[in-house]
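Architecture at a glance
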Amino acid sequence: MANLQEKIAKAFPEAKMTEGEILLVEIPDNKLHELVKSLRDDAETPFDYLVTIVGMDWVTSLGCVYYLTSTKTKEFVSVKVSTEDRDNPCLTSIADLYRIAGIYEREVYDFYGIVFAGNPDMRRLFLSIDWKGFPLRKDYDADPALNPPTTDSERQSDFTQTYTRQADGTVKREEVRVFGEDDFVVNIGPQHPATHGVLRFRTAVDGETIKKIDVYMGYIHRGVEKLCEDLTYMQTLHFMDRLDYFSAHNYHHGLCLCIEKAAGIEVPRRAQILRVIFDELSRIASHCLFMGTFCMDLGATTMLFYTLRVREQILDIMEKTCGARMTFNYDVIGGVMAEPDPDLKKDIRALLDTIPANVKEYKKIFTGNVIAKNRMEGVGILSREDAISYAITGPSGRASGWACDVRKTHPYAVYPELKFEQVVREEGDSMVRFNNRLDEVEQSAAILEQLLEMLPDEGEICAKVPKVLKLPQGHWFQVVEGCRGLFGVYIESDGSTKPFRLKLATPSLPAAAVVDHITSGMKIADLITIGGSMDYIVPDMDR
């Protein structure tokens with residue numbers, strides 16, 4: 001990292017660097033694109049993966065913090081850019097450097113009103129095009145009268161905006177069409193069961209062939225990040241069950257780790273083991289539900305009932321300890337909430353005894369089926385390069401040859417002590433995305449076997465945590481491996497009992513954003529296969 005700092009200081013003398021767990025580089029906006037491009041293209045440490053863009057309102061200025069990772073060295077770097085123009089804030093786009101940046105910038109525009117010069121599609125991402133104000137700004141007026149509920153259909157537009165910086169420094173706004181003037185556009189969703197929630201694909205077709213998809217995500221927004229700004233750190237935890245509800249334990253784990261890192265809290269070893277046990281149980285349950293619903297999307301309804309047997313067995317285990325089957329609230333700051341059920345080890349061993357036979361059964365019923373092969377093999381191919389550029393992590397990213405498992409690349413809790421394999425395949429199609437999840441069930445089962453041997457019957461389950469928790473001034477970033485990929489938590493603290501900013505980077509937003517790219521030229525029926533294979537969860541993208 002010292003070598004990187006030398007390179008940046010030499011090429012960008014105006015850059016201000018702050019050392020920490022992750023190097024922070026503050027750069028003027030007119031040098032942002034050049035800096036990020038040099039980081040992406042660096043020969044020794046290419047920062048080719050854009051994890052997230054954190055929109056910020058620092059009261060006196062607006063701006064962004066970019067988190068970049070090198071898939072080669074696994075190092076992180078963050079870049080900060082800001083503007084003091086609150087009336088017409090404008091920053092330089094990096095959408096030409098990372099394919100996912102276009103979507104991330106639209107999210108920042110939606111909530112902060114910052115336009116990005118050079119982004120080809122500068123529309124709101126979640127909120128109505130008629131929404132007044134930008135909700136994550138500190139001066140946002142939340143008066144319901146400004147945005148009253150309406151019984152009218154939401155106004156639609158076939159146009160988007162682009163902003164271009166002129167030679168004299170002014171910004172020129174232009175309107176461009178989303179689709180071609182003669183395109184035939186149909187709506188798939190938001191009520192269609194195969195969109196897995198209220199997600200709408202505005203789809204331009206030529207007969208049965210897909211030309212372009214415009215993903216509309218804004219039907220379910222609950223404003224979790226905004227709500228967290230008015231809650232104590234303890235009160236923010238319960239929202240993690242309500243994003244990717246199948247990764248509830250994993251997401252709780254990620255937020256707790258970030259807060260504990262900031263507060264200097266050391267979690268007892270027994271609690272760390274229990275957290276990972278429930279993370280891996282969640283992974284198996286999630287993958288089983290994915291396999292069942294995906295097969296049902298393709299017409300193989302029987303498969304759902306086979307996979308639900310295992311998932312129900314896992315939910316029974318969780319219910320005994322957590323008292324719930326979906327919103328668990330088991331991880332707390334400092335450890336876990338309660339002692340595990342006395343039957344935990346016995347119940348998990350009974351589950352593990354069934355896994356090999358169940359996996360064999362799934363393969364016999366579905367993956368060897370000639371109809372399934374024809375529907376999935378070679379359909380929705382995503383290359384490794386595009387998976388990285390679109391930030392497609394989890395089993396889907398690993399199906400494209402990208403070894404991106406956070407448990408291996410940035411291990412946390414007791415994962416460094418565990419022996420398991422990353423399931424990586426090269427083909428990048430819908431079939432291998434399915435098979436990756438099937439194989440990961442076996443890997444999680446192997447992890448659970450080890451954890452049961454490691455788990456002591458007695459011991460501390462939670463560290464002593466102040467009843468009123470204040471984090472010091474500063475910012476922290478933590479990543480964990482959810483069931484669908486990388487889950488990132490950014491916290492910025494002003495020293496009070498509430499987060500000044502809490503940003504959640506989820507894997508489902510990129511998974512939906514890439515659908516247009518991998519369905520182009522495919523048939524409408526293939527959209528059902530491809531969308532299902534990406535395994536996105538709508539509340540996870542529309543937070």
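Structure: above.
The present account deals with the structure reproduced in this document. (Residues numbered from 1 in each chain as written. Predicted model: local features only at pLDDT ≥ 70, side-chain atom pairs only at ≥ 80, totals over all residues. Heavy atoms only, no water.)

Before going further, it helps to examine the overall build of the protein chain. Across its full length, the protein chain carries 18 helices and 17 strands. Its C-alpha atoms give the protein chain a radius of gyration of 23 Å, within 12% of the compact-globule value 24 Å for 543 residues. When its C-alpha atoms are laid out on the principal axes, the protein chain stretches across 70 × 60 × 55 Å. Look at the contacts in the protein chain between residues 6 or more apart in sequence, and 66% of them connect residues 24 or more apart. For the protein chain, the computed accessible surface area is about 21800 Å², with 51% contributed by carbon and sulfur atoms. The positive charge centre, built from 63 side chains, and the negative charge centre, built from 82, are 1 Å apart in the protein chain. (Helix = DSSP H or I, 4+ residues; strand = E, 2+ residues; numbered from the N terminus. Rg over C-alpha atoms; globule rule 2.2 N^0.38 Å. Contact = heavy atoms within 4.5 Å. Areas by Shrake-Rupley, 256 points an atom, 1.4 Å probe, with all protein chains shown as cover. Lys, Arg positive; Asp, Glu negative; His and termini not counted. Charge placed at Lys NZ, Arg CZ, Asp CG, Glu CD.)

Following the criterion strictly, the structure yields 16 aromatic pairs and no others. Cation over ring: Lys-80 sits above Trp-58, and NZ or CZ is 4.5 Å from the ring centre. Residue placement shows Arg-437 over the ring face of Phe-290; its charged tip is 4.5 Å from the ring centre. (Phe/Tyr/Trp six-rings, centres within 6.5 Å; stacked < 30°, edge-to-face > 60°. Lys NZ or Arg CZ within 6 Å of the ring centre and 35° of its normal.)

Turning our eyes to something else, we now look at the pairing of strand 2 (residues 23–26). Summarising the sheet, strand 1 (residues 16–18) and strand 2 pair through three bridges and their orientation is antiparallel. By the bridge assignment, Thr-18 is partnered in strand 2 with Leu-24. If you look at the hairpin formed by strand 1 and strand 2, you'll find four residues sitting between the two strands. (Pairing = 2+ DSSP bridges.)

Before going further, it helps to spend a moment on the pattern of salt bridges. Enumeration according to the criterion identifies 42 salt bridges in this entry. One salt bridge connects Asp-130 with Arg-155, and the closest N-O pair in it is separated by 2.6 Å. Of the two residues, Asp-130 is situated in the loop between strand 7 (115–117) and strand 8 (159–165) and Arg-155 in the loop between strand 7 and strand 8; the sequence distance between them amounts to 25 residues. Assessed through its relative accessible area of 37%, Asp-130 is described here as partly exposed. You can call Arg-155 partly exposed: its relative accessible area is 48%. For the salt bridge of Asp-158 with Arg-202, the shortest nitrogen-to-oxygen distance reads 2.5 Å. Taken together, the residues Asp-158 in the loop between strand 7 and strand 8 and Arg-202 in strand 11 (residues 200–206) connect sequence positions 44 residues apart. Judged by relative accessible area, which is 38%, Asp-158 ranks as partly exposed. What makes Arg-202 buried here is its relative accessible area of 8%. Salt bridges linked by common partners bring Arg-106, Asp-121, Arg-123, Asp-158, Arg-202 and Asp-214 together as one network. (Salt bridge = Lys/Arg side-chain N within 4 Å of Asp/Glu carboxyl O. Buried < 20%, exposed > 50% of the residue type's maximum accessible area, 1.4 Å probe, protein only.)

Turning our eyes to something else, we now look at the nonpolar core. Ranked by internal contacts, the top residues of the largest apolar core, which has 166 residues, are Leu-50, Tyr-66, Leu-281 and Ile-491. A total of 13 residues in this core trace back to one element, the largest contributor, which is helix 7 (residues 269–297). For Leu-50, the residues in contact, after removing those within four places along its chain, are Tyr-66, Tyr-67, Leu-68, Ile-94, Tyr-98, Ile-100, Ala-101, Tyr-104 and Ala-391. (Core = buried A, V, L, I, M, F, W, Y, C linked by side-chain atoms within 4.5 Å.)

With that settled, consider the sheet that holds strand 10 (residues 184–188). Across the sheet, three strands lie side by side as 10-11-12; this open sheet has antiparallel pairing. Pairing within the sheet leaves two strands with one partner each, and these edge strands are strand 10 and strand 12 (209–216). Averaged over all adjacent pairs, the angle separating strand axes in this sheet is 25°, with direction ignored. Note: strand 11 against strand 12, seven bridges, orientation antiparallel. Paired with Asp-206 across the two strands is Thr-209, which belongs to strand 12. (Axes fitted to C-alpha atoms, helices over the stretch in contact; angles between N-to-C directions.)

A pair of packed helices is characterised by two quantities: the angle between their axes and the separation of those axes. Running from N to C, helix 9 (residues 344–367) and helix 14 (residues 430–454) point in directions that differ by 160°, and their axes come no closer than 10 Å. Judged on the interaxial angle alone, helix 14 and helix 9 are roughly antiparallel. Judged by the twist between their axes, the crossing of helix 9 over helix 14 is left-handed. Contacts between helix 9 and helix 14 pair Lys-345, Ile-348, Arg-349, Leu-352, Ile-355, Val-359, Tyr-362, Lys-363, Phe-366 and Thr-367 from the former with Met-431, Phe-434, Asn-435, Leu-438, Asp-439, Val-441, Glu-442, Ala-445, Leu-448, Glu-449, Leu-452 and Glu-453 from the latter. Its residues placed into classes, the contact of helix 9 with helix 14 shows 13 nonpolar, two polar and seven charged. (Parallel < 35°, antiparallel > 145°, perpendicular 65-115°, else oblique. Left-handed = near helix turned anticlockwise from the far one by under 90°. Nonpolar A, V, L, I, M, F, W, Y, C, P; charged D, E, K, R; others polar.)

Take Asp-48: it is sitting in the loop between helix 2 (29–40) and strand 3 (49–57). The buried charged residue Asp-48 lacks any salt bridge partner; its closest oppositely charged side chain belongs to Arg-384, at an N-O distance of 5.5 Å. Once residues within four sequence positions are removed from consideration, Asp-48 is found in contact with Arg-40, Thr-69, Ser-70, Thr-71, Tyr-98 and Ile-388.

Where helix 7 contacts helix 14, the axes come no closer than 9 Å and their chain directions differ by 155°. In terms of axis orientation, helix 7 runs roughly antiparallel to helix 14. Between helix 7 and helix 14 lies a crossing whose hand is left-handed. Within the contact of helix 7 with helix 14, the residues separate by chemical class into 17 nonpolar, two polar and five charged.

What the five strands build is an open sheet, ordered 1-2-5-4-3; its pairing is mixed. Both outer strands of the open sheet, strand 1 and strand 3, are each paired with one neighbouring strand and no more. Looking at each pair of strands side by side, their axes are set apart by 20° on average, direction ignored. As paired elements, strand 2 and strand 5 (residues 76–83) share four bridges and run parallel to each other. Opposite Glu-26, over in strand 5, you have Lys-80 as the bridge partner. This element, helix 2, spans strand 2, strand 4 (62–69) and strand 5 of the sheet and lies at about 165° to strand 5.

This part takes up helix 7. Its 29 residues give helix 7 an end-to-end C-alpha distance of 42 Å, which sits within 8% of 42 Å, the value for a rise of 1.5 Å per residue. Burial within helix 7 is extensive, with 25 of its 29 residues counted as buried. (Expected span 1.5 Å × (residues − 1).)

For the rest of this paragraph, the subject is the pairing of strand 17 (residues 501–505). In terms of burial, strand 17 is largely enclosed, as five of its five residues are buried. Here strand 17 shows no split at all, with Arg-501, Lys-503 and Ala-505 on one side and Leu-502 and Leu-504 on the other all buried. The pairing of strand 16 (residues 486–493) with strand 17 spans five bridges and is antiparallel. Note that in strand 17 the partner of Glu-492 across the bridge is Arg-501.

Moving on, we get to the side chain of Asp-214. Looking at the element boundaries, Asp-214 is found in strand 12. Residue Asp-214 is classed as buried on the basis of its relative accessible area of 7%. Within the structure, Asp-214 has its side chain in polar contact with the side chain of Arg-123 (distance 2.8 Å). (Polar contact = N/O pair within 3.5 Å; in protein donor to acceptor, adjacent residues only side chain to side chain.)

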